[in-house]
Amino acid sequence: MNYSGNLLNLKRLNKDIYFFHFDSQIFIQRFIFNVFKSYFIYFNQNYTSFFGYPMINSPEIFLLIRSMSAAEKRFFKLQAQGKQSGEGKNYLLLFDLLNEMEEFDGKILQLRAGELGFSRYLSWTQGHLMEQLLQSLRNFHQKNDPVLQVEDHLFAAKMLWRRGISRQSARQLEKARQLAETLELNQQMLEILEFERMVLIKEQQKGYVSAIRQLEQRMGQALHYLNTKTRIDAARQNLNIMAREQALDWARLGENTLPEVFLEDLPAQGYFLPRYSQLFGQALYHQITGDYARAFDCYGRLLTHFEENPAMLKAHQRNYVHMLNNYLNLAHGTGNYGVFPPTLAKLGALKGQNLEEEAEIASNGWFLRLLFVMNTGEFTYAPQLVVDIENGFEKYRSYINPARQIALLFNIAMLYFVQERFDLSWKWNQWVQDHEFPRVRKDIMGFSRLLSLIIAWERQELRLLESGLEATYKRIKRGRQRFPFELLIISHLKKLLASENKSQQLEIMQNFKEKLLKLLEKTPKAKFFGYAETLLWLNARLSGRPLREVLLDS
């Protein structure tokens, strides 16, 4: 039996009988091709290649580049400038392509790589770029990361010792040991001691047995430290993870006893990090249970703990900055505004180790100074503060978190609103709405639109108010949810727009206030961002007093 055509390479059964007829064979060929094609596409999109590099449709390297700061990217480019031929040119071209993308698109990447002449090597180039980026990030952060510094000194010590250069090896090891001891890097200290122990065993110099016993004693101390720190860190993390679930239970049961691990006595010296975790855990516990005065006290002790250990403060400056922020936020929550000026001075005196840290310190300082000015009525500081923020935005904008940017813009709008400088409040509030990340801080963005309507009423721009009310209502109507707070504001502003005299306006505002208070009784206040600002405005207009006076009285 003999068939013409393109046959599959199949073995015969009983000499002359084939498994498939010609037509069936073509069908099977196409079926197998489509199955393997679909599997190839799936694995190409979701897994790495057989050579260990990411496939071309994998966005991981794109996400890594997006996560890098401008300073990290600049450092990478400078480091790579010496590799401008062969694969060096290709991986830099790939970096530029990915860096320019707003969203990852594998097809566009493949097309652009083809235009630049390296599409055939795209998978390999992508893997090479990943390796170079990770090495560059390590080099960039090495000078500011003591853990990396210790690891590098230890690596140098090992390599030198293996090559018989004992004196230089000992110097590198001493540098690693001193840094690890100063900054309580006991995990790295264990590795250092283990290397020293191995050297002593192999060289067997005079007195090596006694030296080994001393090393083993120090290893035991380091292990005890790590065990203590691990238990305290784990307890703190458990509090953090279960805070939402347990906060109501603790409050209902009236349990005000701290977990035992947070009350453990620790040695006065050499236990900075476990003690830091203890105090932080205590502060977190008191925050969860609603005891803000004790939480405020714990953060105060944490700051003292840092300030009494300058080496640790320098090594863990970002943690110190966070503690300053938490301390001032609790000071705001408990009304302790007297601590703001000296604490803000401490925050302002800190110098970031790079532009990203500088931006974090600066933006935190602006936000907290705005809180201080708004809640103490120290408006004489406001003009210079706004100038500082405007200048800082020019320098740090690309480094400041978008959510923090929106919060700053909105708070400046409210700063001018409270001073009844509605023209400037309008300008800054428009910048909130024009922000390039409108999906960030939707609570602020939502109330910002309502604030525009209130400002339009205050400025008596009635046509603008009328069109704004219609547009805002349509926006809400298009949404899946109907927000009673927003609808309440819109309905009463419409009534104000139709009012004929001052007496009617006051009556509408009184009705507005009563309905707002009833709404707040039924629903948690946290669900209505802007309720305090709206209530402040209503109270001021009903009492006939300036907004700033009503704010200070409240």
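Please read all numbers here as calculations on a predicted model, not as lab measurements. The residue numbering used here restarts from 1 in each chain and proceeds along that chain's sequence as written. Two thresholds apply to this predicted model, a pLDDT of at least 70 for residue-level local features and 80 or more for giving and counting side-chain atom pairs, whereas whole-chain, interface and lining totals are computed over all residues. Working from all heavy atoms in the structure, the side-chain values ignore hydrogens and water.

Got a minute to help me understand the overall build of the protein in this structure?
Helix and strand content of the protein: 26 helices and 0 strands. The buried share of the protein, reckoned over its 554 residues, is 42%. Whether two residues are in contact is decided by their heavy atoms: any pair within 4.5 Å suffices. Counting contacts in the protein only where the partners sit at least 6 residues apart, residues at least 24 apart contribute 61% of the total. Working definition of accessibility: Shrake-Rupley area with a 1.4 Å probe, residue cover restricted to the visible protein chains. Accessible surface for the protein amounts to roughly 32,200 Å². Of this, 52% is attributable to carbon and sulfur atoms. A run of DSSP states H or I qualifies as a helix once it reaches four residues; a run of E qualifies as a strand once it reaches two. Both are numbered from the N-terminal end. When a residue's accessible area, from a 1.4 Å probe over protein chains only, is under 20% of the maximum for its type it is buried; when over 50% it is exposed; and in between it is partly exposed.

What is the right way to look at the layout of surface pockets in this model?
To find the voids left in a structure, one rolls a probe of water-molecule size over its atoms. Quantified by volume, the largest pocket comes out at close to 1,300 Å³. Detection works on a 1 Å grid of protein atoms alone, calling trapped sets that fit a 1.4 Å probe cavities and calling open sets with protein on both sides within 12 Å along at least five of seven lines pockets, with lining residues defined by an atom within 4 Å of a point. Forming the walls of the largest pocket are 34 residues, and the residues nearest its centre are His-332, Leu-371, Asn-375, Ala-532 and Glu-533. Elements represented by at least two residues in the lining of the largest pocket include exactly helix H15 (317-334), helix H17 (355-376), helix H19 (402-418), helix H21 (442-458), helix H25 (531-543) and helix H26 (547-553). In terms of residue count, H19 provides more of the lining of the largest pocket than any other element does, 7 residues in total. When residues are sorted by character, Ala, Val, Leu, Ile, Met, Phe, Trp, Tyr, Cys and Pro go into the nonpolar class, Asp, Glu, Lys and Arg into the charged class, and all the rest, Gly among them, into the polar class. Along the lines of polarity and charge, the residues of the lining of the largest pocket split into 20 nonpolar, 9 polar and 5 charged. Grid points are joined across faces, edges and corners, and a volume is the space filled by probe spheres set on the points.

Before we go on, may I ask you to explain the confidence of the model for the protein in this structure?
Close inspection of predicted coordinates is inappropriate in any region flagged by low pLDDT. As a per-residue quantity, pLDDT reports the predictor's confidence and falls between 0 and 100. Averaged over every residue, the pLDDT of the protein is 81; residues scoring 70 or more account for 84%. Note that residues 1-33 has pLDDT below 50 and, in this model, 20 contacts with residues that lie over four places away or in other chains. Every residue in residues 35-56 is under pLDDT 50, and counting partners more than four places away or in other chains gives 29 contacts.

It is not clear to me how the nonpolar core should be interpreted in this structure. Could you clarify?
The nonpolar side chains of soluble globular proteins are, as a tendency, buried together. Definition used in this section: a nonpolar core is a set of buried Ala, Val, Leu, Ile, Met, Phe, Trp, Tyr and Cys residues joined via side-chain atoms within 4.5 Å. With 131 residues, the main nonpolar core has Trp-366, Phe-417 and Trp-537 as its most contacted residues. If you tally residues by element for this core, the top one is H19, at 12 residues. Core analysis: the second largest hydrophobic core is formed by 22 residues, Leu-92, Leu-109, Leu-122 and Met-130 among them.

Would you mind going over the side chain of Gln-317 with me for this structure?
Inspection of the secondary structure assignment puts Gln-317 in helix H15. Here Gln-317 falls in the buried class, since its relative accessible area comes to 12%. Among the polar contacts made by the side chain of Gln-317, one reaches the main-chain carbonyl oxygen of Lys-351 at a distance of 3.0 Å. Contacts of Gln-317, omitting those with residues within four sequence positions, involve Leu-350, Lys-351, Gly-352, Glu-357 and Ile-361. Polar contacts, as used here, are pairs of N or O atoms within 3.5 Å; protein pairs need one atom able to donate a hydrogen and one able to accept it. Residues neighboring in sequence count only if both atoms are side-chain atoms.

Can you walk me through the environment of Ser-69 in this structure?
With respect to the helices and strands, Ser-69 occurs in the loop between helix H2 (60-67) and helix H3 (70-80). The class for Ser-69 is buried, based on a relative accessible area of 9%. Between the C-alpha atom of Ser-69 and that of Leu-355, which follows or precedes it by 286 residues, the distance is 9.0 Å. Excluding residues that lie within four positions of it along the chain, Ser-69 makes contacts with Glu-356 and Tyr-399.

What should I look at first to understand the packing of aromatic side chains in this one?
For any pair of aromatic rings, the description rests on two quantities: the centre-to-centre distance and the angle between the ring planes. Pairing of aromatic rings covers Phe, Tyr and Trp, the last through its six-membered ring, and needs centres within 6.5 Å; plane angles under 30 degrees mean stacked, over 60 mean edge-to-face, and all others mean tilted. According to the stated counting rule, one finds 21 aromatic pairs in the structure shown. By the ring-pair criterion, three or more aromatic residues cluster together here, those being Phe-272, Tyr-276, Phe-280, Tyr-299, Phe-306 and Tyr-320. A ring has a charge above it when a Lys NZ or an Arg CZ is no more than 6 Å from the ring centre and no more than 35 degrees off the ring normal. Sitting over the face of the ring of Tyr-473, Lys-494 holds its NZ or CZ atom 4.9 Å from the ring centroid.

I'm lost on a positive patch on the surface in this one. Help?
Exposure above 30% relative accessible area and the lack of any salt bridge qualify a residue for a patch; like charges then connect within 9 Å, and the nonpolar side chains Val, Leu, Ile, Met, Phe, Trp and Tyr within 5 Å. Between Lys or Arg on one side and Asp or Glu on the other, a salt bridge is scored when a side-chain nitrogen of the former is within 4 Å of a carboxyl oxygen of the latter. His is not counted, nor are the chain ends, whereas Lys and Arg count as positive and Asp and Glu as negative. By convention, charge coordinates are those of NZ in Lys, CZ in Arg, CG in Asp, or CD in Glu. Residues Lys-495, Lys-515, Lys-518 and Lys-522 make up a contiguous surface patch of positive charge. Here the element with the most residues in the positive patch is helix H24 (residues 502-522); it accounts for 3 residues. Within the secondary structure, Lys-495 sits in helix H23 (residues 484-498). Judged by relative accessible area, Lys-495 falls into the partly exposed class, the value being 39%.

When you look at the environment of Gly-127 in this model, what are you seeing that I'm missing?
Looking at the secondary structure, you find Gly-127 in helix H6 (residues 122-142). Taking C-alpha positions, Gly-127 is 9.0 Å from Tyr-91, a pair spaced 36 residues apart along the chain.

How should unusual backbone geometry be read in this particular structure?
Excluding glycine, a negative phi dihedral is what most residues carry, and trans is how most peptide bonds are arranged. Positive phi is not limited to glycine here, since Gln-204 has a value of about 50 degrees. Inspection of the secondary structure puts Gln-204 in the loop between helix H9 (186-203) and helix H10 (208-241). Here Arg-441, not a glycine, exhibits a phi torsion of approximately 50 degrees, which is positive. With respect to the helices and strands, the residue Arg-441 is situated in the loop between helix H20 (422-433) and H21.

What's the story with the environment of Arg-275 in this structure? I'm lost.
Relative to the elements of secondary structure, Arg-275 occurs in helix H12 (residues 272-288). Between the C-alpha atom of Arg-275 and that of Phe-262, which follows or precedes it by 13 residues, the distance is 8.9 Å. Those residues within four positions of Arg-275 in sequence are excluded, and the remaining contacts are Leu-266, Gln-282, Arg-301 and His-305.

Explain the packing of helix H16 (residues 340-349) against H17 to me, please; I cannot follow it from the model alone.
Two quantities define a packed helix pair, namely the angle between the helix axes and the distance between the axes. Helix axes are fitted only over the stretch in contact, all axes being lines through C-alpha atoms; the angle between N-to-C directions runs from 0 to 180 degrees. Running from N to C, H16 and H17 point in directions that differ by 165 degrees, and their axes come no closer than 10 Å. On the basis of the axis angle, H16 is roughly antiparallel to H17. In the packing of H16 onto H17, the handedness of the crossing is left-handed. For the pair H16 and H17, contact is made by Phe-340, Pro-341, Leu-344 and Leu-347 and by Ile-361, Asn-364, Gly-365, Leu-368, Arg-369 and Phe-372, respectively. Residues that form the contact of H16 with H17 fall into these classes: 7 nonpolar, 2 polar and 1 charged. Here the word oblique covers every angle except those under 35 degrees (roughly parallel), over 145 (roughly antiparallel) and from 65 to 115 (roughly perpendicular). Left-handed is the label given to a crossing in which the near helix is rotated counterclockwise from the far helix by less than a right angle, and right-handed is the label when the rotation is clockwise.

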